[in-house]
Each structure stands twice: as structure tokens, then as C-alpha cells.
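The primary structure of each chain is shown beneath.
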Amino acid sequence: MRPAPLEGVKVLEAATLFAGPLAATFLGDFGADVTKIEHPSRPDAARGHGTSKNGVGLWFKTLGRNKRLATLDLSQGREVFLSLVRANDVLVENFRPGTLERWGLGPDVLLSVNPRLVIARVTAFGQVGPWSRRPGFGSLAEAMSGFAAVTGEPEGPPTLPPFGLADGITALATAYAVLVALRERDQSGAGQVIDMAIIEPILMMLGGGITAYQQTGYVQPRLGNRSSNNAPRNVYRTADGRWVAVSTSSQSIAERVVTLVGRPDLVAEPWFGSGRERAEHADELDDAVGNWILERSLDEVMVAFEKAEAAVGPVHDIRGIVADPQYAALNTIVEVDDEELGGPVQMQNVLFRLSESPGSIRWAGRPHGADTDAVLAEIGVTPEQLAALREAGVV
């Protein structure tokens, strides 16, 4: 096997909650040396999100994996932070615009001490504009992007997701942006600043709505689990009280589904040849598919759809995910030994498989400040200086 793809890339993470930290996680999964900085007395709030066991936040075991964890109050430890910046290739930060500048740590200062630094600035609304300095989180991005407006039942309210969707999409975009900037640095020798606004990547994922509105005035309504682009497309209840999702994004799959459920006559309808027109007849198609599925168990439905080469998937909760044979074949869920919890911890594996230089999870998220001494020693902080910094509350 070749070395990890990002081996030798050093990333400094001064970010909290989800978008910035998750971007650094993605980089660490493929070999980057990630050092996460947390405030000495105010750890990343992500440690308290989700389920905990014996006072240990379990979500952070995934979010903090493959990272060395050090503490530093940037507002007091400016010189220490600048020394860390000199030793790293990438900085991921998500302070509200103007905060780093107020501490004398703006991009101009950071690039003056390390001209090759890539600075990823992840904020709710970006570095410029009338909203730039407002507080914000992914939920606001899910609202402002149009996601909530098109999500939910037609007669119901706009619906927010029960997890950090906008943050997760932004994390992927940020990791991508960092790799682009590092590639450019290979050519120019110079670093640069990435301005990543959480309200933007999720907007890109919502498709061609802006163009459609500009060209035709079309505003997409809420459709529940249906689609305006194809039908049948919905979730359907089985005879044993389970649910399955059916999608017919291609014409051939749509034909197989209606034939399977005993309505081959629908294929001959003049409207059936277009996904858009099929969506206009969703009631009839849902009745045909839904009634057929309701008479059969989940296993029977899955076997029949597989035989017909039609697209179907079970609606899993977490119990179904950990038992699913396809996830098992892909090794999507792995166990990582963890001293803090006293045994193996299951979590999602790295995002994708590389045949010759795969990523890996080397350790799960560690306790607050676990690596402070080692990290600061690497930049020349002596034990005596470290003791003084600790006494002053800087680390």
C-alpha cells in the first residue's frame, strides 16, 4: 500500500460544533495530521450533543477521531497560536467574522508568518455582506437555502432536518476547497483564504431551482415524499408494518415497477413516457404500488423487486443500518478501540474506498486537552513555560 494520500499535510482546527470540525475529520481520515484546538475551560459544544455514556459524549468519538486535541485560549495565547500556524499547512476556523482580527490574528497576520498557509474560514453567512457578522447555524442555512420550504407534506409547515444537514454538506465542500487550495499551492507556492458560507453549499445541492425561477417563474412546492420529476416515488407501508422507498428515476425502472404490481396497462398511457407527466398522475401510481406492497411483507417485497430488477430500499432506523448486509459488505461500520469508554466503539467508516491508499480511523475522539503537552512541546514550549501558561489559564 502507498502512504496515506494526505500524509505530511498538517491541519490546525480552531473550530466548534460541526461544519469546520467535520471538514477536518474528513482530512484526518486520509492521513492529514490534524490538531484540534479547544478553549481551556469551554470545550467544543459538540462534546455535549447527542447521547452520552458515563458523561462521555458519543458523537464526539466520531467527530474527534484521528485528531490530536490541545487547549489554548486564542484571545490570550496569540504568540503560541502563531507558532502553531507556522508549523501547519491548513487552518480551519469558524469564529464569527472580525473575531480573529480583533485578537490580532487576521489572515494578513497569519499569512505573514506562514505565506503557504491555507485558511478555511467557515461561517454561517460568509465574510462579507449585511449578515456576515450575525450569529448563525446550519438550521438557518436549511431555512434560507430553500431546503425547508420544499421539505414536508403539502399542507404542512416547512420542515427542518433533525440532524446537521447543512453543516455536513458544508464540511464536504470545505474539505474539497482545502484540497483545491493545496493543489494550487503546489503550483504557486502561496497559500490563500477560503471563504465558506454554510448557506451556500446546501443551495447548490437543491438543483436547478434558481434557473427555473429566473426562466419561467416556477417555485417548487412541498410534495412530501413525492417528486415533481418522476413517479411512482414515495415510501410505502408493508403488511408487517415496515416501510420501503421506491424510486423510478429512469423510464425502464418505472415500467418494471408498474408491471410488477400488476398494472402493465399503465405503460401504454400517453403520459407514462415522461417522468414529469407521471408525477402528475402520482395518486393513481401510488395507489397501484402502495396497495400491492401493503399486501406483502418486507421480505416478500424486497425479493419481488430484486427479481424484477426494480429499485427499492428499506426505510432503516439505526437498528436496520447496523444489521444491513450491504453496509456490512462495504465495511461501512467499523469498531475502534477506545480507552475512555473501555472497549470498542462503532462508528461510520471513512467516506470512500481507495484501492491503493485507503483512509483509516486510527483512534476515536479523545478527552479534552489530551495532547496539549505534546503539541506545544513540538513548537518549542518548555515544561516551565507550559506550567506558566496553564497557571494563567491560557491552556
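Along each chain, residue indices are assigned from 1 in the same order as the chain's sequence is written. Only residues with pLDDT of at least 70 are given local features in this predicted model, and only at 80 or more are side-chain atom pairs given and counted; all residues enter the totals for whole chains, interfaces and linings. Computation of side-chain values: all heavy atoms of the structure, hydrogens and water removed.

Here we look at the sheet that holds strand β9 (residues 234-237)
(1) Moving on: When DSSP finds two or more bridges between a pair of strands, those strands are recorded as paired. In this description a helix means any DSSP run of H or I spanning at least four residues, a strand means any run of E spanning at least two, and both kinds are numbered starting from the N terminus. Strand order in the open sheet made by the three strands is β9-β10-β11, with antiparallel pairing throughout. Single-partner strands in this sheet number two, and they are β9 and β11 (312-314). Within the sheet, the average angular offset between the axes of one strand and its neighbour, ignoring direction, is 30 degrees.
(2) Moving on: Of the pairings in the sheet, the one linking β9 to strand β10 (residues 243-246) comprises four bridges and is antiparallel in character. Pairing of Asn234 across the sheet is with Val246, part of β10.
(3) Moving on: In this analysis, two residues are considered to be in contact whenever any of their non-hydrogen atoms come within 4.5 Å of each other. Think of each axis as a best-fit line through the C-alpha atoms, taken over the contacting stretch in the case of a helix, with angles from 0 to 180 degrees between the N-to-C directions. The strands that helix α13 (residues 282-294) touches are β9 and β10; relative to β9, the one it contacts most, it runs at about 35 degrees.

Topic: the environment of Asn114
(1) Moving on: Position of Asn114 relative to the elements: it lies in the loop between α5 (107-113) and β7 (118-123).
(2) Moving on: Residue classification places Asn114 among the buried residues on the basis of a relative accessible area of 8%.
(3) Moving on: Each C-alpha atom of the pair Asn114 and Gly275 lies 54 Å from the other, and the pair is 161 residues apart in sequence. Burial classes: relative accessible area under 20% of the type maximum marks a residue as buried, over 50% as exposed, and values in between as partly exposed (1.4 Å probe, protein chains only).

Topic: a nonpolar patch on the surface
(1) Moving on: Patches were defined on residues exceeding 30% relative accessible area and lacking a salt bridge, with like-charge contacts within 9 Å and nonpolar side-chain contacts (Val, Leu, Ile, Met, Phe, Trp, Tyr) within 5 Å. Only the protein chains shown count as cover for residues, with accessible areas throughout obtained via the Shrake-Rupley method and a probe of 1.4 Å. Salt bridges, as used here, are contacts in which a Lys or Arg side-chain nitrogen is within 4 Å of a carboxyl oxygen on Asp or Glu. On the surface, Leu172, Leu351, Phe352 and Leu354 cluster together into a nonpolar patch covering about 350 Å² of accessible area.
(2) Moving on: Among the secondary structure elements, Leu351 is positioned in the loop between β13 (343-348) and α17 (372-378).

Looking at the packing of aromatic side chains
By convention here, two paired aromatic rings are described through the distance between centres and the angle between planes.
(1) Moving on: Pairing of aromatic rings covers Phe, Tyr and the six-membered ring of Trp, with a centre-to-centre limit of 6.5 Å; geometry is then stacked below 30 degrees between planes, edge-to-face above 60, and tilted otherwise. Under the counting rule described, the total for this entry stands at six aromatic pairs.
(2) Moving on: Both rings, one in Phe125 and one in Trp131, keep their centres 5.1 Å apart while their planes meet at 80 degrees; by these two values the pair is edge-to-face.
(3) Moving on: Ring plane angle 55 degrees and centroid distance 6.0 Å describe the contact between Trp271 and Phe272, whose orientation is recorded as tilted. With respect to burial, Trp271 and Phe272 carry one shared label: buried.
(4) Moving on: We note Arg134 situated over the ring of Trp131; from NZ or CZ to the ring centre the distance is 3.9 Å. A ring is considered to have a charge above it if a Lys NZ or an Arg CZ atom is located within 6 Å of its centre and within 35 degrees of its normal.

Points about the sheet that holds β7
(1) Moving on: Read across the open sheet, the six strands follow the order β5-β2-β1-β6-β7-β8; overall the sheet is parallel. Edge positions in the sheet fall to β5 (67-71) and β8 (192-197), since each has one partner strand and no second. Each strand axis lies, on average, 20 degrees off the axis of its neighbour in the sheet, ignoring direction.
(2) Moving on: Bridge analysis of strand β1 (residues 10-14) against strand β2 (residues 33-38) gives four bridges, and the strand direction is parallel. In the strand pairing of β2, Leu12 is matched with Thr35.
(3) Moving on: Contacts between helix α3 (residues 78-86) and the sheet are confined to β1, β2 and β6 (90-93), with β1 contributing the most and set at about 150 degrees to the helix.

Concerning the nonpolar core
(1) Moving on: Residues grouped as a nonpolar core are buried Ala, Val, Leu, Ile, Met, Phe, Trp, Tyr and Cys residues, joined through side-chain atoms within 4.5 Å. Val11, Val90 and Ile194 are the most contacted members of the largest nonpolar core, which totals 39 residues.
(2) Moving on: Counting residues per element, the ones that place at least two in this core are α1 (19-29), β6, β7, α8 (165-188), β8, β12 (333-338) and β13.
(3) Moving on: The element that contributes the greatest number of residues to this core is α8, accounting for 10 residues.
(4) Moving on: When near neighbours in sequence (up to four residues on either side) are disregarded, Val90 contacts Val9, Lys10, Val11, Leu12, Leu117, Val118, Val178 and Leu182.
(5) Moving on: Core analysis: the next-biggest nonpolar cluster, separate from the first, contains 24 residues, Ala14, Leu110, Leu376 and Val381 among them.

Some thoughts on the packing of helix α11 (residues 251-260) against helix α14 (residues 298-308)
Think of two packed helices as two axes; the pair is described by the angle between the axes and how far apart they sit.
(1) Moving on: Contact geometry for α11 and α14: axes closest at 10 Å, N-to-C directions at 130 degrees. Between α11 and α14, the angle falls in the class oblique. Note on packing geometry: the crossing formed by α11 with α14 is right-handed. Counted together, Arg256, Val257 and Leu260 of α11 and Ala304, Phe305 and Ala308 of α14 form the full contact between these two elements. In what follows, roughly perpendicular refers to angles from 65 to 115 degrees, roughly parallel to angles under 35, roughly antiparallel to angles over 145, and oblique to any angle outside these ranges. When the near helix sits turned anticlockwise from the far one by under a right angle, the crossing is termed left-handed; a clockwise turn instead gives a right-handed crossing.

Concerning α14
(1) Moving on: Three or more residues of α14 are buried, namely Leu298, Val301, Ala304 and Phe305. The buried residues of α14 occupy an angular sector of 135 degrees when projected down its axis, which confines them to one face. In α14, the exposed residues that point more than 90 degrees away from the buried face are Asp299, Val303, Glu306 and Lys307.
(2) Moving on: Within two residues after α14, Glu309 carries a phi angle of roughly 55 degrees, on the positive side. Summarising the geometry, the arc corresponds to the directions from the helix axis toward the C-beta atoms.

As for unusual backbone geometry
(1) Moving on: Cis geometry marks the peptide bond from Ala231 to Pro232, where omega comes out at 0 degrees.
(2) Moving on: Phi is positive for Glu309, close to 55 degrees, though the residue is something other than glycine.
(3) Moving on: Relative to the helices and strands, Glu309 resides in the loop between α14 and β11.
(4) Moving on: Residues other than glycine seldom take positive phi values, yet Asn331 does so here, at roughly 60 degrees.
(5) Moving on: With respect to the secondary-structure elements, Asn331 resides in the loop between α16 (325-330) and β12.
(6) Moving on: Note on Asn331: relative accessible area 42%, which makes it partly exposed.

Some words on the pairing of β13
(1) Moving on: Of the pairings in the sheet, the one linking β12 to β13 comprises six bridges and is antiparallel in character. Within the sheet, the bridge partner assigned to Asp337 lies in β13 and is Pro344.
(2) Moving on: In this antiparallel pair of consecutive strands, β12 and β13, the connection spans four residues, and Gly342 shows a positive phi of 70 degrees.

Examining the environment of Ala245
(1) Moving on: By the element assignment, Ala245 lies in strand β10.
(2) Moving on: Judged by relative accessible area, Ala245 falls into the partly exposed class, the value being 30%.
(3) Moving on: Sequence-wise, Ala245 and Arg233 are 12 residues apart; in three dimensions their C-alpha atoms are separated by 7.5 Å.
(4) Moving on: When near neighbours in sequence (up to four residues on either side) are disregarded, Ala245 contacts Asn234, Val235, Ala311, Val312, Gly313 and Val315.

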